[in-house]
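# Architecture and fold: a report
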Amino acid sequence: MVTAPYNGVVEGHYGQGYIDFGTLMSASVKDTVSVPYAGTYRLSFRYQASQGDVRHTMLLVNSTATRNGKRMEFTRTDDGVWSTASQEVTLHEGLNLLY
């Protein structure tokens, strides 16, 4: 589930697209990822946050907070500049719910 989708053009994005969360504090994303083996994997999020005020966000994997409940940190970027936030997560074999 994507709370605030956006279909405009953002320079520098690649892949299937991007999400503009706007100014909603409750904005969220829910998706699944499938892995061949249970274990530790690195999730990386490429983002641009020149106008937003998002600094930290909770990442849940299969309804469990990651990194002992610590939030992921997203630093502000300059306009048009992309950055990456990454976190090690424990995933089950097969489908895993991320939100």
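Criteria and thresholds
- Sequence order as written defines the numbering, with residues in each chain counted from 1.
- Only residues with pLDDT of at least 70 are given local features in this predicted model, and only at 80 or more are side-chain atom pairs given and counted; all residues enter the totals for whole chains, interfaces and linings.
- Excluded from the side-chain calculations are hydrogens and water; all other atoms, namely the structure's heavy atoms, are used.
- In DSSP terms, a helix is any run of H or I states spanning at least four residues, a strand is any run of E spanning at least two, and both are numbered starting from the N terminus.
- Categorising residues by exposure relies on relative accessible area from a 1.4 Å probe, with only protein chains included: less than 20% of the type maximum marks a residue as buried, more than 50% marks it as exposed, and the intermediate range marks it as partly exposed.
- Note on definitions: a residue-residue contact is assigned when non-hydrogen atoms from the two residues lie within 4.5 Å.
- Note on areas: Shrake-Rupley, 1.4 Å probe, and residue coverage restricted to the protein chains presented here.
- Any Phe, Tyr or Trp ring, taking Trp's six-membered ring, that has another such ring centre within 6.5 Å forms a pair; planes under 30 degrees apart are called stacked, those over 60 apart edge-to-face, and the others tilted.
- Whether a charge sits over a ring comes down to the Lys NZ or Arg CZ being within 6 Å of the ring centre and within 35 degrees of the ring normal.
- A residue's pLDDT is the confidence the predictor assigns to it, expressed on a 0 to 100 scale.

## Side note on the overall build of the protein
Secondary structure assignment for the protein yields zero helices and eight strands. In the protein, the order of α-helices and β-strands from amino to carboxyl end is β-β-β-β-β-β-β-β. Here the protein holds 99 residues, and the buried ones make up 18% of them. In the protein, once contacts between residues fewer than 6 apart in sequence are set aside, the share between residues at least 24 apart is 69%. Accessible surface computed for the protein: about 7,200 Å², of which carbon and sulfur atoms make up 51%.

## A short note on the packing of aromatic side chains
Taken as a whole and assessed by the stated rule, the structure comprises one aromatic pair. Ring centres 4.8 Å apart and planes at 80° place the aromatic pair Y47 and F74 in the edge-to-face group. Here F74 lies in the loop between β6 (72–73) and β7 (83–91) and Y47 lies in strand β2 (residues 39–47), a separation of 27 residues in the sequence. You can call F74 buried: its relative accessible area is 12%. Lying across the ring of Y99, K30 places its NZ or CZ 5.6 Å from the centre. Between R46 and the ring centre of W82, over which it is positioned, the NZ or CZ distance is 4.4 Å.

## Overview of the confidence of the model for the protein
Across the protein, pLDDT averages 77, with 68% of residues at or above 70. Within the protein, strand β8 (residues 94–98) carries the highest mean pLDDT (93), whereas strand β3 (residues 56–57) carries the lowest (74). Here residues 1–6 is modelled with pLDDT under 50, and outside its nearest four sequence neighbours on either side it reaches 14 contacts, counting other chains as well.

## Describing the environment of A49
Along the chain, the position of A49 falls in the loop between β2 and β3. Relative accessible area serves as the criterion here: at 12%, A49 is assigned to the buried category. Each C-alpha atom of the pair A49 and F74 lies 8.1 Å from the other, and the pair is 25 residues apart in sequence. Not counting the four nearest positions on each side in its chain, A49 is found in contact with T75, R76 and T77.

## Let's talk about unusual backbone geometry
The backbone of N62 sits at a positive phi, close to 55°, despite the residue not being glycine. Secondary-structure assignment places N62 in the loop between β4 (60–61) and β5 (64–65). Given the relative accessible area of 24%, N62 is considered partly exposed.

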